[in-house]
Every structure is written in C-alpha cells, then in structure tokens.
Amino acid sequence: MSFLSTYANPTRFLRFAERALPWLSGATALLLAIGLYGAFTAPPDYQQGETVRIMYIHVPSAWLAIFAYVVMTSASLGVLVWRHPLADAAQKTAANLGAAFTFICLVTGSLWGKPMWGTFWVWDARLTSMLVLFLLYLGLIAVRQTMDDTPRGARIAAIMTLVGAIDIPIIKYSVDWWNTLHQPASVFRIDGPAISGSMLWPLIVMALAATLLFSTLHIMAIRNEILRRRLARLSMQAVRAGEIAGNESMEAAE
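Residues numbered from 1 in each chain as written. Predicted model: local features only at pLDDT ≥ 70, side-chain atom pairs only at ≥ 80, totals over all residues. Heavy atoms only, no water.

**Q** Mind laying out the overall build of the protein chain, listing which residues take part and the relevant values?
**A** Helices and strands together make up the secondary structure of the protein chain, namely eight helices and zero strands. Listing each helix as α and each strand as β along the protein chain from the N terminus yields α-α-α-α-α-α-α-α. Relative to its 254 residues, the protein chain shows a buried fraction of 40%. Within the protein chain, contacts between residues separated by at least 24 positions form 75% of all contacts whose residues are at least 6 apart in sequence. (Helix = DSSP H or I, 4+ residues; strand = E, 2+ residues; numbered from the N terminus. Buried < 20%, exposed > 50% of the residue type's maximum accessible area, 1.4 Å probe, protein only. Contact = heavy atoms within 4.5 Å.)

Okay, structure coming up:
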C-alpha cells in the first residue's frame, strides 16, 4: 500500500514512468524475441500439427484479457473507496488494452477452432463468456466517452466494472462447471502441466512477455492520460481567463 500511496501522486507517477518505461520496453522486447523463437522452433503437436502454434498468441491474449479486467476492478475500488488520484486514469486506460487483447483472443481462438472443431464459432461456455467480456469492455469504453472525465462518469464506470467482474470466475471455471468443447486447464494443474516441456517453456515466456507488454502499454497510457487531463485543465483555465479579460475590457469601454 505504501507503493500505491507514493505513486498515486500524478507528478511522482510521471517520474516513475520516465525511469521504468525504458527498462520495461527492453525486457518486453527481449522476452518476446525469446518466446517467438521458442514458439517457431517448438515441435508440432501430434494431433493438431502446426496449428498448435496459435496457442502461443491465443493463451497469453486470453490471460491478459482477464488480467486487464482484474486491474480495472482494483482501480474501480480505488475510485469508489480510496479515491486515489490515478485510480480513475488506470481504470479508463486498462479498458482499451483489455478490449484489444480480448479481441485478439477471440480471433485467434476462432482460427484455432476451425481446424479442430470444424467451425470458427460455437456457443461454448468459455467462448460465450469471453464474448461477454469483450462486450463489457466496449460498454465501459462507450460510457467513458459519453461521460468525459466527470466524477459522475468515473463512479458509473467503476460500478459497472465491479458488477461485470462476475464474468471473470465464470470464464475461469466454465470448463469445469459445464460440458464444453474448450479444453480444461493444461498448465496450472494439481498433477502438473499436461503439455510437454518443449512446448511449455515458450508458452510461459510468451505469457511473461505479454504481461510485460501490457504493463508497458498501461503505464504509457496512464502517463498520456495524466498529460491530456493537465492540458485540458490548462486550456479550460485559459478560456476562463480570456472570458474574464473580455468582460473587464467591455466594462472599461462602457
């Protein structure tokens, strides 16, 4: 909590972003290069063949689609309970990234499903709940664009985010609660991963790289949001100052 309290100050966050972004960008590029190399050199699956390589994009995207919403949920609590200065900016900017990763997850899942299931889409519990998540992201983005940066808009978006969080456990446990075409968990299992090590390590590296990519993009987006709001505030002050000066000149002329 001390870290959050320290960097809840926009000026301190901007200094933190300036120092952290070069390191995060470098680490992201390095891990992506290693992960992609492993993904292309890993052996094909004995059943799925070369199409299994879609997994190295699909699985990290699915993980980040959920992770982004968890970040938004935490930020929404910050808006409603602690009212951190950056909580609203973090919630707003995470929605765009979450929508992008969810879209990638749905597209790659459809491309993967065609050769495996014979169709691009089925109303499977996992697929349907992911589609609902994508619609939640779009709805939250629309709300923020409609309400601008008003405190009322921030509270409405935060409440909507908390209500929509019920979809996260549904996505996670849908393959356990219902009989679905989607395969169950194959990495985080009590009895160990169900995929070979030659395919597992590139997947883990890609997931770490994707997480660093999200962190880098999110910090950049928050930084840009802070600067945008400061510019909007300065523009508003300049307009008001111009109106006051205009009124004073008119009074002097009279």
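**Q** Help me get a handle on the packing of aromatic side chains, residues and values and all.
**A** Inspection of the entire model under this criterion finds six aromatic pairs. Geometrically, the ring pair formed by Phe 13 and Phe 16 is tilted, given 6.1 Å between the ring centres and 50° between the ring planes. Note that Phe 13 and Phe 16 are positioned in helix H2 (residues 10-41) at a spacing of three residues, about one turn of the helix. On the basis of relative accessibility, which here comes to 8%, the residue Phe 13 falls in the buried class. We classify Phe 16 as partly exposed; its relative accessible area is 22%. When the ring of Tyr 69 is compared with that of Tyr 137, the centres are 5.6 Å apart and the planes differ by 65°; the resulting orientation is edge-to-face. Note that Tyr 69 is positioned in helix H3 (residues 55-82) and Tyr 137 in helix H5 (residues 125-147), a separation of 68 residues in sequence. Since its relative accessible area comes to 0%, Tyr 69 is described here as buried. Assessed through its relative accessible area of 0%, Tyr 137 is described here as buried. (Phe/Tyr/Trp six-rings, centres within 6.5 Å; stacked < 30°, edge-to-face > 60°.)

**Q** Explain H5 to me, and be specific about the residues and the numbers.
**A** Across its 23 residues, H5 extends 33 Å between first and last C-alpha, which sits within 8% of the 33 Å expected from 1.5 Å per residue. Restricting attention to buried positions, one finds in H5 the residues Arg 126, Leu 127, Ser 129, Met 130, Leu 133, Phe 134, Tyr 137, Leu 140, Ile 141, Val 143 and Arg 144. Two or three places before Arg 126, at the opening of H5, Asp 124 has a side-chain oxygen 2.9 Å from that residue's backbone nitrogen. (Expected span 1.5 Å × (residues − 1). Polar contact = N/O pair within 3.5 Å; in protein donor to acceptor, adjacent residues only side chain to side chain.)

**Q** Account for helix H6 (residues 151-164), naming residues and giving values.
**A** Every α-helical turn comprises 3.6 residues, leaving residues that sit three or four positions apart pointing alike. With 14 residues, H6 should cover 20 Å at 1.5 Å per step; its first-to-last C-alpha distance of 20 Å lies within 8% of that length. Where H6 is buried, its residues contact H3, helix H4 (87-117), H5 and helix H7 (167-177).

**Q** Tell me about the nonpolar core, residues and numbers included.
**A** If you look at the biggest cluster of nonpolar residues, it comprises 25 residues, and the most contacted ones within it are Tyr 69, Met 72, Met 130, Leu 133, Tyr 137 and Phe 214. Looking at this core, the elements with two or more residues in it are H3, H4, H5, H7 and helix H8 (197-253). Ignoring sequence-local partners within four residues, the contact set of Phe 214 consists of Leu 64, Phe 67, Ala 68, Val 71, Leu 97 and Phe 101. Judged by nonpolar contacts, the second largest core, of 13 residues, contains Ala 20, Ala 75, Leu 86 and Ala 89. (Core = buried A, V, L, I, M, F, W, Y, C linked by side-chain atoms within 4.5 Å.)

**Q** I'd like a rundown of the pattern of salt bridges, residues and numbers included.
**A** Going through the model one piece at a time under the given rule, you end up with six salt bridges. Two residues, Arg 53 and Glu 50, come together in a salt bridge whose shortest N-O distance is 2.6 Å. With a relative accessible area of 19%, Arg 53 lands in the buried category. The class of Glu 50 is partly exposed, set by a relative accessible area of 49%. (Salt bridge = Lys/Arg side-chain N within 4 Å of Asp/Glu carboxyl O.)

**Q** For the packing of H4 against H5, give the residues involved together with the corresponding values.
**A** One way to put it is that H4 packs onto H5 with a least axis distance of 9 Å and a crossing angle of 150°. Between H4 and H5, the angle is such that the two are roughly antiparallel. Handedness of the crossing formed by H4 with H5: left-handed. Along the lines of polarity and charge, the residues of the contact of H4 with H5 split into 15 nonpolar, four polar and three charged. (Axes fitted to C-alpha atoms, helices over the stretch in contact; angles between N-to-C directions. Parallel < 35°, antiparallel > 145°, perpendicular 65-115°, else oblique. Left-handed = near helix turned anticlockwise from the far one by under 90°. Nonpolar A, V, L, I, M, F, W, Y, C, P; charged D, E, K, R; others polar.)

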